[in-house]
Structures are given as structure tokens and as C-alpha cells.
Amino acid sequence: MSSSRISAAGLNSAHTRTLRTPEELVNAGFVTHGTMPAIGEVAEKYATAIPPAFADLIETPDDPIGLQVIPSPDELVVAPHELADPIGDDALSPVPGIVHRYADRALLKPLLICPLYCRFCFRREHVGPDGGLLDEEALAVAFQWLRENSAIREVILTGGDPLMLSSRRLEHIIRELASIPHVTTLRIHSRVPLAAPEKITDALLDAMDADKAVWMVVHANHAREFSAAGREALRKIQRRGIPVLGQSVLLRGVNNNEAALEDLFRAMVESRMKPYYLHQLDPAPGTARFHVPIEEGRRLLAGLRGRVTGLAWPTYVLDIPGGYGKVPLGPDYVEPSLSAVSDPNGQRHAIRTPNSQ
Ligand SMILES: *Cc1c(COP(=O)(O)O)cnc(C)c1O
Ligand code: SF4
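Here the structure is a predicted model, which is why all the values come from computation and not from measurement.

## Let's talk about the overall build of the chain
Moving on, step 1. Counting secondary structure elements, the chain contains twelve helices and eleven strands.
Moving on, step 2. Against the 2.2 N^0.38 benchmark of 21 Å for 357 residues, the chain shows a C-alpha radius of gyration of 21 Å, consistent with a compact globule.
Moving on, step 3. Along the first, second and third principal axes, the C-alpha atoms of the chain reach 75 × 50 × 40 Å.
Moving on, step 4. Residues counted as buried form 52% of the 357 residues belonging to the chain.
Moving on, step 5. Sequence-distant contacts in the chain: of pairs separated by 6 or more residues, those separated by 24 or more amount to 74%.

In C-alpha cells, the structure reads:
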């Protein structure tokens, strides 16, 4: 297998089909024969998909692109701290497809299909190519729940990836949501624009057109994901008046160094995309190889402060395991007494207030 491995690694050969099976991964040179029995076992537990545009970005299987999507035998090892439902979605679901944790907003998960399957996915026990499409009846129940809960201002379409829906289905969902009087804002969380940019068709863009505010949050973890086709897909979305934000996961081997984060956030800003959240890895099963300690994450972000445009600064957040919500993890600049702060160089300064003389 070493020869095909070298051709995939060195030549960036153009892929034409989404890679899904262990055999396809071996043939592409992404997985070696030696790891095969274990990779077969991983494939029984967790979905794999590497769409052509994303496969073309992989130079070596352990590079920052390959690591995100190529299964590893390490996924069979569940560490003691890991949880099947790390952020407590299941307990917060009043009806199928809805997750309600905050008063003013709710998630709607119309399907559990993604363009690719992140090896660190927080919903990895649920997502997959044959799972979770809400049928008409289940969707109607979800819409009814949203109509009856007048505190909900914002509906966040997630999954799975809502941009894997057909344009017809997506249009139906957007129309229904937009027709709920108290819902003012729709938010779409997606990895499609950069992972499978060919799916951003005019029909899909038409489907997202609504009289309510539509925002999009695009998942990207490395600057190399910003291919020419991906940037063009983002541009098409923005031309429809949809503001685009970025969300990323802090991942060992992918982006846990200052240069990689700087390049990632600068790539977002250059694509008119505001970095919104940098997520601490959720403790999903078999993902420990990606873990970056919080102190390292805080140090990395502190290294960017002041040196890199403030537009490129995301909020570093932890989704508290068990469903208690997302909270910022710093870095902190103000001292617990609230009477002094550190500047980006680490020098302390008293805070001047009317009472501080
Ligand atoms: C992440 C999440 C949201 C969105 O949180 P924001 O901080 O507004 O981005 C909403 N509901 C649930 C259940 C979530 O997990
Ligand atoms: S795109 Fe999101 S939901 Fe889909 S596999 Fe990746 S992390 Fe999971």
C-alpha cells in the first residue's frame, strides 16, 4: 500500500467521489493495510465521509486536514472522562429534533447527516448517513412546539448539517420557521460551504431567503480549508445578505499552535467571516487524542491578543458537560479583586474609577 499512500500524500490527486468505506480509505492511501482490522471496527461504530473537495486538501493522512476526517484505531479507546452525550442534548429535548437549553433560542436538528464526519464530533454517537431525518410528521410537531413557545426568538438549525438537506426540504423548513411571529432570527450551523462547496447551489441559496434575519455559522478548523471554491461559496452566501460567522474546535495536531490559529482566524476575516467561538473539545467517546488542556488554549489566545486584529478574536468556550450551557474560558485580564488588569504584554495596571484615588 505504500505506493498509493505516496501518491495520495504527494500529488494531491483529484478525488471524484466521497470516500466512506475502509477499503476506499486504503485505496486513497489514507489508511494503511496494517491498521485495517481496527479501522473496520471503528467503521462499525462511527460514520466516515470525506467529500472530494476535502480529500483534495489532504497532503498526508496525519496533516491538519487528514486528522479531522480519517478514522483512527484510537477511536476505539473510550477514556473514563468521556460521555456518549457530552453536552446533554438528549435530556433537553422536549420533542424529537428540538433541543431547548436557553430561554430565547432553541436548536432544530432536521437531520443527522453531515458532508464529512469529524473524528472529534460531539454528536458522534448520533450522526451518520442513514440517521435522523425528521419526517413530515415529526417536523410538524417540532414547528408546533416552536409556535407554542413564544419566548423563542431564534431557531438554530443544526444536526447533522442542515445544508445537506435538499433545497426543497430546506426551503419548507425556512418558510415554516419564518412564518412564526415571535421567531425573528434563524441561524444555520454548517460545515458544507468549505467542506463541500459544490453543494451551495442557487437553489439552496434561494431556499435560505427569508424575511427574517438569517445568520450562518460555518465550522472550520484550519486555514487550508479555505480553498478557492470554498471562499467562493462563502461569497455567494454573503451576497444573499447572510452574515457569516466562524466556529472552530481547538484540536491537538490540527490547530493547537499560535501560527495555525492566527492563520485560521485571519483566513476567516479575509473571507468576511467573524470568528465567533473557539470550542474546547467536548469529551465525546474516543476523542482524547485531540484534547488540548484549557491552560494551553488560554496561552494560545493570549498570544494573539494585541498582535492580531480584534476582528480575528473568537470567544473561547466550554460547553459544560451535562447540558449546563456554554461559558467563556478566558484568558482573563482582570484580577479577581476587579481593581487591576493585565495588558497584552502581561504588565499590571490599576483600574481607575471615581473611588480609586
Ligand atoms: C450552543 C447552543 C446554543 C447556541 O448558543 P449561543 O451561545 O447562542 O451560540 C443554543 N442552544 C443549545 C442547546 C446549544 O447547545
Ligand atoms: S460537522 Fe458538526 S455535527 Fe457533523 S460530524 Fe462534524 S462536528 Fe459533528
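That covers the picture; the talk isn't over yet.
## Some remarks on the site of ligand 1
Moving on, step 1. V99, R101, Y102, R105, L107, I156, R187, Y276, Y277 and K326 make up every residue found near ligand 1.
Moving on, step 2. The side chain of R105 places a nitrogen or oxygen atom 2.7 Å from an oxygen atom of ligand 1.
Moving on, step 3. R187 is positioned with one of its side-chain polar atoms (N or O) 2.9 Å from an oxygen atom of ligand 1.
Moving on, step 4. Here ligand 1 loses 92% of its free accessible area of 390 Å² to cover by the protein chains.
Moving on, step 5. Judged by the proximity of its atoms to the pocket grid, ligand 1 belongs to the largest pocket.
Moving on, step 6. Elements represented by at least two residues in the shell around ligand 1 include exactly β1 (98-102), β2 (105-108) and β7 (273-279).
Moving on, step 7. The leading source of residues in the shell around ligand 1 is β1, at three residues.
Moving on, step 8. Here the shell around ligand 1 is built from residues that sort into six nonpolar, no polar and four charged.

## Observations concerning helix α10 (residues 228-239)
Moving on, step 1. If you check α10, its first and last C-alpha atoms are 16 Å apart, about what twelve residues at 1.5 Å a residue would give, namely 16 Å.
Moving on, step 2. Along α10, the residues that are buried comprise G230, A233, L234, I237 and Q238. Seen along its axis, α10 keeps its buried residues to an arc of 140 degrees; they face one direction. Along α10, the residues that are exposed and aim more than 90 degrees away from the buried face are A228 and R239.
Moving on, step 3. On its buried side, α10 packs onto α8 (192-195), α9 (202-207), β5 (213-219), β6 (244-249) and β7.
Moving on, step 4. Of the residues trailing α10, G241 is marked for its positive phi of about 80 degrees.

## Structural notes on the UniProt feature "modified residue: N6-(pyridoxal phosphate)lysine" (unreviewed entry) in the chain
Moving on, step 1. Summarizing the sequence annotation, UniProt attributes the feature "modified residue: N6-(pyridoxal phosphate)lysine" (unreviewed entry) to K326 in the numbering used throughout.
Moving on, step 2. Residue position: K326 is located in strand β9 (residues 325-328).
Moving on, step 3. Setting aside chain neighbours within four positions, we find K326 in contact with R101, Y102, Y277, H279, L318 and D319.

## Some details on the domain arrangement of the chain
Moving on, step 1. Here the chain is described as being made up of domain 1 (3-75) and domain 2 (90-330).
Moving on, step 2. Averaged C-alpha coordinates put domain 1 and domain 2 at centres separated by 24 Å.
Moving on, step 3. Summed over both sides, the interface between domain 1 and domain 2 buries roughly 2100 Å², with carbon and sulfur atoms accounting for 55% of that surface.
Moving on, step 4. Sorting the residues of domain 1 by area buried against domain 2 places Y46, L67 and Q68 first, and these three jointly supply 30% of that buried surface.
Moving on, step 5. A salt bridge links D63 to R224, with the nearest nitrogen and oxygen atoms 2.8 Å apart.
Moving on, step 6. Summed over the shared surface of domain 1 and domain 2, the result is 13 residue pairs in polar contact (both at pLDDT 80 or more).
Moving on, step 7. Among the secondary structure elements, those contributing two or more residues to the side of domain 1 that touches domain 2 are α4 (52-55) and α5 (66-69).
Moving on, step 8. If one sorts the elements of the side of domain 1 that touches domain 2 by residue count, α5 sits on top with three residues.
Moving on, step 9. Tallied by class, the residues present in the side of domain 1 that touches domain 2 amount to 15 nonpolar, three polar and five charged.

## A few points about the environment of S13
Moving on, step 1. As for its position among the elements, S13 is in the loop between α1 (2-11) and α2 (22-27).
Moving on, step 2. Under the relative-accessibility criterion, S13 is labelled partly exposed at 33%.
Moving on, step 3. Separated by 301 residues in sequence, S13 and P314 place their C-alpha atoms 34 Å apart.

## Topic: the packing of aromatic side chains
Moving on, step 1. Applying the stated criterion to the full structure yields two aromatic pairs.
Moving on, step 2. Judged by centre distance (5.6 Å) and plane angle (75 degrees), the rings of F120 and F290 are edge-to-face. Remark: F290 occurs in the loop between β7 and α12 (294-304) and F120 occurs in the loop between β2 and α6 (136-148); sequence separation between them is 170 residues.
Moving on, step 3. The exposure class of F290 is buried, given its relative accessible area of 1%.
Moving on, step 4. Ring geometry for Y276 against Y277: centres 3.9 Å apart, planes inclined by 20 degrees, an arrangement best described as stacked.
Moving on, step 5. The ring of Y46 is capped by R124, whose NZ or CZ atom sits 3.6 Å from the centre of that ring.
Moving on, step 6. Sitting above the plane of the W313 ring, R305 keeps its charged end 4.4 Å from the centroid.

Rules of the game
- Residues numbered from 1 in each chain as written.
- Chains lettered and ligands numbered in written order.
- Predicted model: local features only at pLDDT ≥ 70, side-chain atom pairs only at ≥ 80, totals over all residues.
- Heavy atoms only, no water.
- Helix = DSSP H or I, 4+ residues; strand = E, 2+ residues; numbered from the N terminus.
- Rg over C-alpha atoms; globule rule 2.2 N^0.38 Å.
- Buried < 20%, exposed > 50% of the residue type's maximum accessible area, 1.4 Å probe, protein only.
- Contact = heavy atoms within 4.5 Å.
- Near = heavy atom within 4 Å.
- Polar contact = N/O pair within 3.5 Å; in protein donor to acceptor, adjacent residues only side chain to side chain.
- Areas by Shrake-Rupley, 256 points an atom, 1.4 Å probe, with all protein chains shown as cover.
- 1 Å grid on protein atoms, 1.4 Å probe; cavity = no way out; pocket = protein on both sides within 12 Å on 5 of 7 lines; lining within 4 Å.
- Sits in = over half its atoms within 2 Å of the grid points.
- Nonpolar A, V, L, I, M, F, W, Y, C, P; charged D, E, K, R; others polar.
- Expected span 1.5 Å × (residues − 1).
- Arc of directions from axis to C-beta.
- UniProt positions renumbered as here; feature names shortened; annotations may be inferred.
- Domains from an automatic or database assignment.
- Buried area = accessible area lost by both parts, 1.4 Å probe.
- Salt bridge = Lys/Arg side-chain N within 4 Å of Asp/Glu carboxyl O.
- Phe/Tyr/Trp six-rings, centres within 6.5 Å; stacked < 30°, edge-to-face > 60°.
- Lys NZ or Arg CZ within 6 Å of the ring centre and 35° of its normal.

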